[in-house]
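Letter by letter, the chains look like this.
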Amino acid sequence: YDVEKPKADEKRRSVLKNQTYKAWARGCSPRRFDHVNIATSMDVQEILDYLGNQLGFKLREYVRYNNETTLAGWMSVTPLVHDIAVITRPQAKTPNQLHHISYWLDNAQDVLRAADILSEEGIKFIGPGKHGVSQALYLYVIDPGSGCRVELFSNSYLIFEPDWEPVEWTEEDHSIANTYWGDSVMDKEMNKPTIEA
Ligand SMILES: [Fe+2]
């Protein structure tokens with residue numbers, strides 16, 4: 001939050017006092033940043049413990065095999081299911097790498113509209129589909145400008161209970177955790193990802 005907050009040019013400024021720019025000018029118009037996903041070759045549980053014990057993140061959902069190996073965790077300091085996710089990637093070229101950043105769209109229709117826009121531009125994507133974890137609707141696309149994988153994301157649920165019990169997914173239901181329905185995140189590669197899937 002500790003950044004400069006210049007006013008928008010008058011032509012682009014919203015009449016809404018609580019919004020910087022006029023909305024919906026072009027493109028898929030994400031409303032806000034949602035979360036970041038980190039792929040690591042380190043011990044996922046160790047990173048989750050650090051985020052929890054040192055930075056105050058709460059564990060919301062996780063994937064654990066055989067009651068002992070944590071493959072992924074979703075954590076937040078807000079009511080969102082995750083502000084950050086950590087997933088195992090033994091083949092990662094660096095100990096920790098950005099897997100994707102995620103932008104929130106207001107609703108499922110906006111995600112479908114984004115799919116139309118990407119198709120018109122000839123940009124391949126994965127989705128639409130729905131995650132089991134977080135119950136969110138998704139599209140994944142490699143941003144042609146930065147080479148980063150970006151997730152366009154909507155729906156999901158919110159957590160207000162202070163005594164939330166983290167949800168465990170196991171090897172048996174890992175595939176539903178990833179993809180409840182729709183285009184599987186495991187099935188195919190996007191065009192020329194610069195980050196290993
Ligand atoms: Fe994500």
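Everything below is about the structure shown above.
Throughout what follows, the structure given in this document is the object of discussion. (Residues numbered from 1 in each chain as written. Predicted model: local features only at pLDDT ≥ 70, side-chain atom pairs only at ≥ 80, totals over all residues. Heavy atoms only, no water.)

**Observations regarding helix H1 (residues 44-55)**
Our working rule: A helix here means a DSSP run of H or I that spans at least four residues, while a strand means a run of E at least two residues long, and both kinds are numbered starting from the N terminus. An expected span of 1.5 Å times one less than the residue number is assigned to each helix. Burial here depends on accessible area, computed with a 1.4 Å probe over protein chains only, as a share of the maximum for the residue type. Under 20% is buried, over 50% is exposed, and the range in between is partly exposed. Working note: the arc is built from the helix axis to C-beta atom directions. Note on definitions: a residue-residue contact is assigned when non-hydrogen atoms from the two residues lie within 4.5 Å. We define a polar contact as two N or O atoms separated by no more than 3.5 Å, with the added condition that, inside protein, one atom must be a possible hydrogen donor and the other a possible acceptor, whereas residues neighbouring each other in sequence contribute only through side-chain atom pairs.
Taking 1.5 Å per residue as the helical rise, H1 with its 12 residues ought to reach 16 Å, and the 16 Å between its terminal C-alpha atoms agrees with that figure. Taken together, the buried positions of H1 are occupied by Val44, Ile47, Leu48 and Leu51. Buried residues in H1, looked at end-on, bunch into an arc of 100°, giving them a common side. Exposed side of H1, more than 90 degrees from the buried face: Glu46, Asn53 and Gln54 are the residues found there. Structurally, H1 contributes buried residues whose contacts are with strand S1 (32-40), strand S2 (58-65), strand S3 (69-76), strand S4 (84-88) and strand S5 (96-104). Capping the start of H1 is the job of one residue whose side-chain oxygen sits 3.0 Å from the backbone nitrogen of glutamine 45: aspartate 43.

**Considering the coordination of the iron ion**
The line we're drawing: Distances decide who is a donor: an N, O or S atom must be within 2.8 Å of the metal, or within 3.2 Å for Na, K and Ca. Water is not included, so sites may look incomplete.
Within the protein, the atoms that donate to the iron ion are His35 (NE2), His100 (NE2) and Glu151 (OE), at distances of 2.1 to 2.2 Å. Sequence positions of the donors to the iron ion reduce to the motif H-x64-H-x50-E. Placement of histidine 100 in strand S5 and of glutamate 151 in strand S8 (residues 149-155) is noted, with a sequence separation of 51 residues between them. This pair shows no difference in class: histidine 100 is buried, exactly as glutamate 151 is.

**Comments concerning the packing of aromatic side chains**
Here is the rule: Centres within 6.5 Å are what make two rings of Phe, Tyr or Trp a pair, Trp counting through its six-membered ring; a difference in plane orientation under 30 degrees is then read as stacked, over 60 as edge-to-face, and the rest as tilted.
Counting across every chain of the model gives four aromatic pairs. When the centroid spacing of 5.9 Å and the interplanar angle of 35° are considered together, the rings of tyrosine 157 and tryptophan 164 count as tilted. Owing to a relative accessible area of 23%, tryptophan 164 belongs among the partly exposed residues under this scheme.

**What to know about unusual backbone geometry**
A cis geometry characterises the amide bond from glycine 127 onward to proline 128, with omega recorded as 0°. Structurally, proline 128 can be placed in strand S6 (residues 126-130). Of note, asparagine 67 is a non-glycine position whose phi angle comes to about 65°, a positive value. Here asparagine 67 lies in the loop between S2 and S3. Classification of asparagine 67 by relative accessible area gives exposed; the value is 63%. At serine 156, a residue that is not glycine, the phi angle is positive and equals roughly 75°. Residue placement: serine 156 occurs in the loop between S8 and strand S9 (167-169).

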